[in-house]
Amino acid sequence: MADRVTLGPRAVISGDLTYTAPQEATMEEGALVRGEINFERREGRSDVDVAGAAAGFITLLLVAKLLMSIVGAFAIGYLFHRYSRELVATAATQPLLEIGRGAVFLIVVPVASIIVLVTIIGMPLGILGLLIYVASLLFVSLAAPIVAGSIVHKWIWKPAGYEVNWKTILLGVAVHFVLGLIPFLGWLVNFGIMLLTLGAAVRIQWGIAKEWR
């Protein structure tokens, strides 16, 4: 077995030559093999190294994403525990309505912010709108596992109400992570959870804004 096989001009093999390498041997003029040549191709070390490095990098990204989801969900769930419970309750009351509200926010806010941004007078409002939009998506990406965990916990164990604790948060992170590994269908479900969480958050913030008025 070798990465490369070369028979020099003075090489003489009286018997058979059997070897495994990424490519066939180089036989310089004068080299002689009296028996049979048996060649078995295998992947080169460089190909294996590249594949291994890529697999390791992807694994590292997935682990980092999982850890960030756990830390972010726990931070929101415990630092804003009351808000998290209200977020779950709002999302679970009318899920289809909240998904629609989230979809409207996802499309309308950036479009409206960009339209306002092109005008000189509305430029500050456009920038503020885009900042709010990005902050909302970041918050929702961390809060979505909380909503998912509480709803799944309610479906499986059927408690009296929707709970938000370390068990439901871990459950939600696990569900969200596993769904992210399933192409298309899993991504679609996670996107729906994100819209549900976004819609519930928008409804809560809209209620707070109306009270300030």
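Every chain's residues receive numbers from 1 upward, in the order its sequence appears when written. Reporting of local features is limited, given that this is a predicted model, to residues whose pLDDT is at least 70; pairs of side-chain atoms are given and counted only at 80 or more, and all residues count toward the totals for whole chains, interfaces and linings. Computation of side-chain values: all heavy atoms of the structure, hydrogens and water removed.

1. Remarks on the overall build of the protein chain
Part 1 of the reasoning: Secondary structure elements are defined from DSSP: runs of H or I of at least 4 residues count as helices, runs of E of at least 2 residues count as strands, and each element is numbered from the N terminus. On a plain count of helices and strands, the protein chain comes out with six helices and six strands.
Part 2 of the reasoning: The order of α-helices and β-strands along the protein chain, N terminus first, is β-β-β-β-β-β-α-α-α-α-α-α.
Part 3 of the reasoning: Radius of gyration: over C-alpha atoms. The globule rule applied is 2.2 Å multiplied by the number of residues raised to the 0.38 power. Computed over the C-alpha atoms, the radius of gyration of the protein chain is 29 Å, more than 25% above the 17 Å expected from 2.2 N^0.38 for a compact globule of 213 residues.
Part 4 of the reasoning: Expressed as lengths along the three principal axes of its C-alpha atoms, the size of the protein chain is roughly 95 × 55 × 30 Å.
Part 5 of the reasoning: Burial classes: relative accessible area under 20% of the type maximum marks a residue as buried, over 50% as exposed, and values in between as partly exposed (1.4 Å probe, protein chains only). Looking at the 213 residues of the protein chain, the share that counts as buried comes to 31%.
Part 6 of the reasoning: Nonlocal contacts in the protein chain, meaning residues at least 24 apart in sequence, comprise 48% of its contacts between residues at least 6 apart. A contact between two residues is defined here by any heavy atoms of the two lying within 4.5 Å.

2. Describing the pairing of strand E3 (residues 17–21)
Part 1 of the reasoning: Most of E3 sits out of view: four of its five residues are buried.
Part 2 of the reasoning: The sheet contact formed by E3 and strand E6 (residues 37–41) spans five bridges and is parallel. In the sheet register, threonine 18 faces E6, and the bridge partner there is asparagine 38. Paired strands, in this sense, are two strands between which DSSP finds at least two bridges.

3. Some points on the pattern of salt bridges
Part 1 of the reasoning: Any carboxyl oxygen of Asp or Glu that lies within 4 Å of a side-chain nitrogen of Lys or Arg is treated as forming a salt bridge with it. On inspection of all chains with the given rule, the structure shows three salt bridges.
Part 2 of the reasoning: Note that arginine 203 is salt-bridged to glutamate 98, the shortest N-O span being 3.0 Å. With arginine 203 in helix H6 (residues 185–212) and glutamate 98 in helix H3 (residues 95–117), this residue pair connects regions lying 105 residues apart in the sequence.
Part 3 of the reasoning: Classification of glutamate 98 as buried rests on a relative accessible area of 0%.

4. Considering H3
Part 1 of the reasoning: Helix span is expected to be 1.5 Å times the residue number reduced by one. Between its first and last C-alpha, H3 extends 33 Å over 23 residues, near the 33 Å set by a 1.5 Å rise per residue.
Part 2 of the reasoning: The complete set of buried residues in H3 reads Glu98, Gly102, Phe105, Leu106, Val109, Pro110 and Ser113.
Part 3 of the reasoning: Elements that come into contact with the buried residues of H3 comprise helix H2 (81–93), helix H4 (123–157) and H6.

5. Thoughts on the confidence of the model for the protein chain
Part 1 of the reasoning: With 96% of its residues at a pLDDT of 70 or more, the protein chain has an overall mean of 91.
Part 2 of the reasoning: When the elements of the protein chain are averaged for pLDDT, helix H1 (residues 45–79) gives the smallest value, 85, and helix H5 (residues 166–180) the largest, 96. Confidence of the predictor in every single residue is expressed as pLDDT, which spans 0 to 100.

6. So, unusual backbone geometry
Part 1 of the reasoning: Positive phi, normally seen in glycine, also occurs at lysine 158, with a value near 55°.
Part 2 of the reasoning: Among the structural elements, lysine 158 can be located in the loop between H4 and H5.
Part 3 of the reasoning: Although it is not a glycine, phenylalanine 184 adopts a positive phi angle of roughly 60°.
Part 4 of the reasoning: Of note, phenylalanine 184 is situated in the loop between H5 and H6.

7. Observations regarding the packing of H2 against H4
Part 1 of the reasoning: The N-to-C vectors of H2 and H4 enclose an angle of 70°; their axes lie 10 Å apart at closest approach. By the angle between their axes, H2 is roughly perpendicular relative to H4. Between H2 and H4 lies a crossing whose hand is right-handed. Contacts between H2 and H4 pair Tyr83, Ser84, Leu87, Val88 and Ala91 from the former with Phe139, Ala143, Ile146, Val147 and Ser150 from the latter.
Part 2 of the reasoning: Polar here means any residue outside two lists: the nonpolar Ala, Val, Leu, Ile, Met, Phe, Trp, Tyr, Cys and Pro, and the charged Asp, Glu, Lys and Arg; Gly therefore counts as polar. Looking at the contact of H2 with H4, its residues break down into eight nonpolar, two polar and no charged. Axis definition: a line fit to C-alpha positions, over the contact stretch in the case of helices; interaxial angles, taken between N-to-C directions, run 0 to 180 degrees. Throughout this description, any angle smaller than 35 degrees is read as roughly parallel, any larger than 145 degrees as roughly antiparallel, any in the 65 to 115 degree range as roughly perpendicular, and the remainder as oblique. Left-handed describes a crossing whose near helix is turned anticlockwise from the far helix through less than a right angle; right-handed describes the clockwise counterpart.

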